[in-house]
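Working through the structure, step by step
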Amino acid sequence: MRKKIAALSKRKASVFKWRSHEPSRLETFSDAVFAFAITLIMVSLEVPRTFDELFEVFKGFFSFACCFALLFIIWNNQNIYFRRYGLNDAYVTFLNAMLLFVVLMYVYPLKFLFMAIFSNGQYNNHGHLVRMLTEKQQPILMYVYHSGYAAIYILFLLMYAHAKKNAARIDLSPVEIFETDTFILVNLFNALLGVIGILFVFLAPSEYKGSSGFIYMLVPLLYTILFAIRGRAARRKFGEITELIS
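Description of the structure in this document.

So, how was this worked out
- Residues numbered from 1 in each chain as written.
- Predicted model: local features only at pLDDT ≥ 70, side-chain atom pairs only at ≥ 80, totals over all residues.
- Heavy atoms only, no water.
- Helix = DSSP H or I, 4+ residues; strand = E, 2+ residues; numbered from the N terminus.
- Expected span 1.5 Å × (residues − 1).
- Buried < 20%, exposed > 50% of the residue type's maximum accessible area, 1.4 Å probe, protein only.
- Arc of directions from axis to C-beta.
- Contact = heavy atoms within 4.5 Å.

1. Digging into helix H5 (residues 90-105)
Compared with an ideal rise of 1.5 Å per residue, which puts 16 residues at 22 Å, H5 spans 22 Å between its outermost C-alpha atoms and is within 8% of the ideal. Restricting attention to buried positions, one finds in H5 the residues Val92, Leu95, Asn96, Leu99, Leu100, Val102 and Val103. Taken end-on, H5 shows its buried residues confined to a sector of 160°, consistent with a single buried face.

Here it is in structure tokens:
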């Protein structure tokens, strides 16, 4: 799959020269970890014994779809990084290992979050509706999610900063360095959103702490503004080049 996506991406844009065409052992291991994470989201430990329990399983379709989408975004970001830079040194291996660790740590919290959202914070326990969390537990839960979000994008930020540091060794062109800077900013903004979420939970009144997750609705707006600004800057600096990958 990584080879097919790399080929498609290469046809769409020529800003970056792909430096890795065959998945390395590190990437193959990463694929296995992401596959395992998706399995943990999908598989239930117990087969439904009643229609009500079966119906509860089907209600989890939307939560699974959201979790799958988030995991795919992380996997695709990692895939693009390795295709672009082809770095497999000790530092990148360490950062990638930390990324996989965070992904596995957050599989069940992610599943819990979206199940709570789509079931109105309740689950069916043998015919009895039970609240999934109390109001006092919401701030702790939001600290967990914001920390995980910030950690993932800090790791991507460090990976892209490492690629720029090794620009001469991997022969990055000026356009490629410019786009690397763009994605350093993307990851920085995302990491800052996670930090802002933590501060919001810490400072906001108790009744608003649980709504701190709405700050991530700013992501599409921030991306639109950032890529518009960077696109104009690229055209001024390099002329009419292939549009930056967004």
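2. A word on the environment of Val103
The topology assignment puts Val103 in helix H5. Residue classification places Val103 among the buried positions, given a relative accessible area of 3%. Separated by 45 residues in sequence, Val103 and Gly148 place their C-alpha atoms 8.5 Å apart. In this structure, Val103 is in contact with Phe34, Ala37, Leu71 and Ile74, ignoring residues within four places of it in sequence.

3. Some remarks on the environment of Lys237
Positionally, Lys237 belongs in helix H9 (residues 219-238). Classification of Lys237 as exposed rests on a relative accessible area of 60%. Sequence separation of Lys237 and Val175 is 62 residues, and the distance between their C-alpha atoms is 9.1 Å.

All we've got here are geometric facts, nothing functional implied.
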